[in-house]
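Given next are the chains, with one letter for each unit.
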Amino acid sequence: MLPRVISEDIDLVTQLAPDLRPVRVDVGQIEEVLLNLVLNARDAMPEGGQLTITTANAELDEAFALTRTEVAAGPYAMLAVSDTGVGMDAEVKANIFEPFFTTKGVGRGTGLGLAAAYGTVKQNGGHIEVDSTPGRGTTFRIYLPAAAAETEPVKPLASPQKTPRGRETILLVEDDEALRLLARGVLQNQGYTVLEAVCGYDALEVSRNYAGPIQLLVTDVVMPRMCGRQLADALVTQRPGIRVLFLSGHTEDTVLRHGVASETVDFLTKPFTPDVLIHKVHEVLVEPLRRLEIGG
Ligand SMILES: Nc1ncnc2c1ncn2[C@@H]1O[C@H](COP(=O)(O)OP(=O)(O)OP(=O)(O)O)[C@@H](O)[C@H]1O
Ligand SMILES: [Mg+2]
């Protein structure tokens, strides 16, 4: 999925160790970390460049461990994401793992990507660090402790054939083109008909011009001018019975200020993996109709 979320002027290069040590982690969590790092690298290269994903076995020695807090010496597997983008100065670098720290404009970044990545890596007994030079690029390295040799491979939870399919029509509203194309591709592969819109007004127009039924609205929460909740309210009036799934990369707080409370509505936090999207869409569509209780 990664080539689809980065733009065409970014070269994706992989240097993967054939004999990489196994680690014991939640695959979905690590995928999310990788996706966050890749999206950051993409944002750091608005004019294009090279994105390199490297894996390697690494022995962290006492000298390495001593100069870092909470790192034990030993065998690790290393995952690195490098870009040739804008890089960071010392002040930015000192704050990147802080929750809500972002240099991206309002509505463009929540500053939670790296904080979440840090949490996941720590939770798995690992270590994350960054090398960056302004104007040259950035490398993030994640070290995960090698699992004991006798560890059995973990079977994937759901085999690909078991991913739920559907025939419903979905109206997908997302202004980030890369994410929209990705979600569209994923949903179409599962058999859904997907109508696309880039904002609330666009979505109302698409709905007005579409004669057939639309079973599900999948919409970004925070959008310029008309937010996701207003769009949902308008569409529910136009098409009673339509289900709504909100997408948000924003914190619960921001989302609440935009009038969507996660207990009463269906909700997916960005970024998400294709599998998570498929299962959530299926869940929202097959569950008995729930009343949309949003706003005050
Ligand atoms: N590869 C990178 N190159 C340059 N700066 C980066 C890179 N990765 C992260 N940063 C800096 O670190 C900040 C925090 O990153 P983080 O992923 O936590 O949040 P965000 O990308 O701003 O928002 P979010 O990921 O929540 O959408 C970014 O705003 C950016 O300034
Ligand atoms: Mg980010």
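Just above, that's the structure.
Residues numbered from 1 in each chain as written. Chains lettered and ligands numbered in written order. Predicted model: local features only at pLDDT ≥ 70, side-chain atom pairs only at ≥ 80, totals over all residues. Heavy atoms only, no water.

**Q** Now, about the overall build of the protein chain: what can you tell me, with residues and values included?
**A** Within the protein chain, the regular secondary structure consists of 10 helices and 10 strands. By the burial criterion, 46% of the 296 residues in the protein chain qualify as buried. Of the contacts made within the protein chain by residues no fewer than 6 positions apart, 70% connect residues no fewer than 24 positions apart. As presented, the protein chain carries roughly 15800 Å² of accessible surface, and 52% of it is formed by carbon and sulfur atoms. (Helix = DSSP H or I, 4+ residues; strand = E, 2+ residues; numbered from the N terminus. Buried < 20%, exposed > 50% of the residue type's maximum accessible area, 1.4 Å probe, protein only. Contact = heavy atoms within 4.5 Å. Areas by Shrake-Rupley, 256 points an atom, 1.4 Å probe, with all protein chains shown as cover.)

**Q** So what about helix H2 (residues 27–44)? Which residues, and what values?
**A** Here H2 is 18 residues long and its end C-alpha atoms lie 26 Å apart, about the 26 Å a rise of 1.5 Å per residue gives. Taken residue by residue, H2 has Ile30, Val33, Leu34, Leu35, Asn36, Leu37, Val38, Leu39, Ala41, Arg42 and Ala44 as its buried positions. Sitting at the amino-terminal end of H2 is aspartate 26, which places a side-chain oxygen 2.9 Å from the backbone nitrogen of glycine 28. (Expected span 1.5 Å × (residues − 1). Polar contact = N/O pair within 3.5 Å; in protein donor to acceptor, adjacent residues only side chain to side chain.)

**Q** Requested: an account of the environment of valine 130, with residues and values cited.
**A** Considering the arrangement of structural elements, one finds valine 130 in strand S4 (residues 127–133). On the accessibility criterion, valine 130 (17% relative accessible area) is buried. Sequence separation between valine 130 and valine 81 is 49 residues; the distance between their C-alpha atoms is 9.7 Å.

**Q** Can you tell me about the pairing of strand S1 (residues 10–15), naming the residues and giving the values?
**A** Taken together, the six bridges between S1 and strand S2 (residues 49–60) define a ladder with parallel strand orientation. Along S2, the bridge assignment pairs glutamine 15 with threonine 54. As a crossover connection, the stretch from S1 through H2 into S2 is left-handed. (Pairing = 2+ DSSP bridges. Right-handed = clockwise from strand over helix to strand, strands pointing away.)

**Q** For the site of ligand 1, give the residues involved together with the corresponding values.
**A** The local shell around ligand 1 holds 20 residues, among which Asp83, Thr102, Thr103, Lys104 and Thr110 are the closest. Within the contact set of ligand 1, an oxygen atom lies 2.6 Å away from a side-chain nitrogen or oxygen of threonine 102. At 2.6 Å, a side-chain N or O of lysine 104 approaches an oxygen atom of ligand 1. Within the complex, the protein chains bury 90% of what would otherwise be the 600 Å² of accessible surface of ligand 1. Where the shell around ligand 1 is concerned, the elements lending two or more residues are H2, helix H5 (113–123) and strand S5 (137–145). At three residues, H2 tops the list of elements feeding residues into the shell around ligand 1. For the shell around ligand 1, the class distribution of residues is nine nonpolar, nine polar and two charged. (Near = heavy atom within 4 Å. Nonpolar A, V, L, I, M, F, W, Y, C, P; charged D, E, K, R; others polar.)

**Q** Give a description of the pattern of salt bridges that names residues and reports values.
**A** Across all of its chains, the model carries 10 salt bridges by this definition. Across the salt bridge formed by glutamate 129 and arginine 68, the nearest N and O atoms sit 2.7 Å from each other. Of this pair, glutamate 129 sits in strand S4 while arginine 68 sits in the loop between helix H3 (62–66) and strand S3 (74–83); the two residues are 61 residues apart in sequence, bridging distant segments of the chain. (Salt bridge = Lys/Arg side-chain N within 4 Å of Asp/Glu carboxyl O.)

**Q** Can you explain the sheet that holds strand S7 (residues 193–197)? Please cite residues and give values.
**A** Pairing within the open sheet is parallel, and its five strands lie in the order S7-S6-S8-S9-S10. Unpaired on one side and paired on the other, S7 and strand S10 (266–269) mark the two borders of the sheet. Strand after strand, the sheet turns through a mean of 20° between neighbouring axes, direction not considered. In terms of strand pairing, strand S6 (residues 169–173) meets strand S8 (residues 216–220) through four bridges, oriented parallel. The partner of valine 173 across the bridge, within S8, is threonine 219. (Axes fitted to C-alpha atoms, helices over the stretch in contact; angles between N-to-C directions.)

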